[in-house]
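Structural features, examined
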Amino acid sequence: MGNLAWWQKAVIYQIYPRSFADSNGDGIGDIPGIISKLDHLRDLGIDVIWLSPVYASPNEDNGYDISDYMSIHPDYGTMDDFEQLIREAKARGISVIMDLVINHTSTEHEWFQKSRQGIEPYKNYYYWSDTWAGTPNNWTGFFGGSCWEKDAVRGASYLHLFAPHQADLNYHEPKVFEEVERILRFWLEKGVRGFRCDVVNVLYKDNLANGKKKLVLTGSEHYLSLPGTHDILHKIHKILVGYDAFTVGETVFVDTKEANFLTLPEREELNMVFGFEHMEIDQIIVKWFHTKFHWDQFVKVLARWQKEVRWNTLYFENHDQPRSTSRFGSKQYPEASAKLLATLLLTLRGTPFIFEGQEIGMRNFDYGSMDEIRDVESLNIYGLLSKAHVPARLKWYMIRNVSRDNARTPMQWDDSAYAGFMENDDGAARPWLQVNSNYKEINVKAQQADPSSVLHYYKELIRFRKEQDDLLEGDFELLAGTARYTLYRRGRFYILLNHSDAPLKISAVRKLLPSEYQVAFSTHSKDAPSDAGAALSAKGASLAPWQAVILQS
Ligand code: TEU
Ligand code: CA
C-alpha cells in the first residue's frame, strides 16, 4: 500500500450542508448539525468530508454564488462553529475539504459592487462589455440562455456562464489570482486539507470573440481546458504543496486524455477530477433530454476511464445529479440495486465519493409539481420551456427525472417528523425543501438496527476495501460487460454484478473465472434473497436479481 497518497486511500463523503442536519429548527441544515452527526460518518468509515459551500452567499444557487469567501453564512453558523467542526472531525480521524468556487462570485460580492462602479483595483475583476471588443457575444450558458446581463450602474454587460447573479471572474487581471491565493491560505491555515474546485477547467477565457454556433454552450472553445487554466491550476498546486492538502476538480466536458493532462503528478496541477462521461449515458446532448439507461454502455465508459486515467474519482451521485438507486437501479429491487451500486463504487480503482444519503439508498424526490422545486437551474429551464410553449406534462416529465433537487431533499435520519432532519417543536418552521415521503422506511436509525441494511453493507465493504491492497492498488481488467451482467478483476479479486431483474447462472461466466475461488463478499437483500458462501461456488449456482459478489482466487 506504500505507493498511494493519503487521499488515494481515503473514502470521501460529500455533505450538502443545507440538507444534512438542522440543529436550531429553522429548517436549514447547519454546521452544529453536521457536528452532531460526525459519529455516523466515523462509524461508516469515512476519512474525508467535502463540504459544499458554507460561505456568505445570497443563496441564489445555494452557496455556489459566494459574496464573501472568508466568512460563514449565518444560516450555517459562525466561524467558531466551523473551527469546532475541524477539531471534532479531526478527533474522529476525519479531514475536511471545502468547495472552492472561483470561476464566478455572487454579484453581491464587494468586488463586483466596486467593479460595477468602476472603482480600482476592482474595475477589471470581471468580464465587462465596455472593456472587451466584440461583446456582448453570442455565447450561451450552462443554465440555458445568454451569458450576458446588463448592469445599469456601469452601463455595460457582464459575462456569466451560470446564473445571472454569478459573474465570471477575469483571470487576465493578475489581482484576481492574488485574491484566490489569500482565500486558499486562509482556509488551509484553519486546517482544511484540500478543495473540491468548482467548474475549474473553465476559469480562463482566451478572448471573447463569437463562438461557433452549437446546440449547447456556444462559445465554449474560448474557455474549455485552455493553457491559461492549466497555468492557474499549477499556481494553486504550488500553494497547496506546503500543506499536504489535495484538490479534486469538477471538470466539464473532459475526456480521459484531458483528465490526465489535469491530474498527472508530474504536471503538478490537480490531484483528481470528476469526469461526466459516465453520467451522460441516459441523456441526449443535454440532461433535459432523458433517454434509456444502458448498463453495458455505463460499464464501458467506466472501464475506459479505469484503463486510461492514472487515478480516478469514483462517484455516482452528488448535489447536481439524481439519486443513483432511482437512476441506475431496478424499480423492483431497489435495496439490492443500492448494494450492487455500492459494490461497484467501492471496488473500482480510484478514490470513492459517497453523497449524503447514498449510504442508506435514498431515492429521487416524490413531488407532484413545480411548487416544491427550489433549484435555480430547474426554475430557469422550466421558464425557458414555458416560453417555448412545451406542454405542461412534458415540462414536468423533463424536470422530474433530472432536477438537481432530487438529491437535495433533507437527509433521512429517523422516522420522526421531517425524518429527524430538524426539530419541530412549535410546528412553525418547515424544512427548506420537502422531505421524501419514504422516510419512514428509508432512514439511518432503522438501518442501524438492521444488520442486512444498505448502511451496514456500505460499512462492511468500506472496511474490507481498506484491508485489501488489491482493491486499492490492484490493476483493473474488464472481463465481461453486457446489458445483464458485469465481471471485472481487481488484482486477485473478481467482481460479478447481476444488474438484471432475472437470476444469473454462474455458469454464464464460468470460463472467465479462475478454476478455484472463494466468495469473499456478497450482497444479501430482502427484496431478492440469494445464496451465499459455499452454495455460490457449487455447480449450477446462480446470483439473485441485482446480487453482487466479490470472488477471491
Ligand atoms: O456545477 C457545474 C456544472 O457543470 C453544472 O452546470 C452541472 O452541469 C449541472 O448542475 C448539472 O445539472 C457546479 C456546481 O456543482 C453546481 O451546483 C453549481 O450550480 C455550478 O457549478 C455553478 O457554480
Ligand atoms: Ca438551522
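What comes next is a walk through the structure. On a predicted model such as this, the values are computed, not experimentally measured, just so you know.

About the cut-offs
- Residues numbered from 1 in each chain as written.
- Chains lettered and ligands numbered in written order.
- Predicted model: local features only at pLDDT ≥ 70, side-chain atom pairs only at ≥ 80, totals over all residues.
- Heavy atoms only, no water.
- Phe/Tyr/Trp six-rings, centres within 6.5 Å; stacked < 30°, edge-to-face > 60°.
- Helix = DSSP H or I, 4+ residues; strand = E, 2+ residues; numbered from the N terminus.
- Buried < 20%, exposed > 50% of the residue type's maximum accessible area, 1.4 Å probe, protein only.
- Lys NZ or Arg CZ within 6 Å of the ring centre and 35° of its normal.
- Near = heavy atom within 4 Å.
- Polar contact = N/O pair within 3.5 Å; in protein donor to acceptor, adjacent residues only side chain to side chain.
- Areas by Shrake-Rupley, 256 points an atom, 1.4 Å probe, with all protein chains shown as cover.
- Nonpolar A, V, L, I, M, F, W, Y, C, P; charged D, E, K, R; others polar.

**A look at the packing of aromatic side chains**
- One pass over the structure, following the stated rule, counts 37 aromatic pairs.
- Arranged with centres 6.2 Å apart and planes meeting at 50°, the rings of tyrosine 55 and tyrosine 69 form a pair that is tilted. Of the two residues, tyrosine 55 is situated in strand β3 (residues 55-56) and tyrosine 69 in strand β4 (residues 68-72); the sequence distance between them amounts to 14 residues.
- When its relative accessible area of 2% is taken as the criterion, tyrosine 55 is described as buried.
- Between phenylalanine 464 and phenylalanine 493, the aromatic rings sit 5.7 Å apart at their centres with planes inclined by 70°, giving edge-to-face as the arrangement. Of this pair, phenylalanine 464 sits in helix α16 (residues 454-467) while phenylalanine 493 sits in strand β19 (residues 493-498), placing them 29 residues apart in sequence. No difference in accessibility class separates phenylalanine 464 from phenylalanine 493, as the two residues are buried.
- Grouping aromatic residues by their ring pairs yields a cluster made of Tyr55, Tyr69, Phe82, Trp111, Tyr122, Tyr125, Phe186 and Trp187.
- Sitting above the plane of the tryptophan 6 ring, arginine 193 keeps its charged end 4.1 Å from the centroid.
- Above the ring of phenylalanine 177, the side-chain terminus of lysine 235 is found at 4.6 Å from the ring centroid.

**Description of the site of ligand 1**
- Taken together, 18 residues are adjacent to ligand 1, and Asp61, Asp198, Lys287, His319 and Asp320 come closest.
- The separation between an oxygen atom of ligand 1 and a polar side-chain atom of lysine 287 is 2.4 Å.
- In the model, an oxygen atom of ligand 1 is placed 2.5 Å from a nitrogen or oxygen of the aspartate 320 side chain.
- Compared with its free state, where it exposes 490 Å², ligand 1 has 94% of that area covered by protein.
- By residue class, the composition of the shell around ligand 1 is 6 nonpolar, 3 polar and 9 charged.

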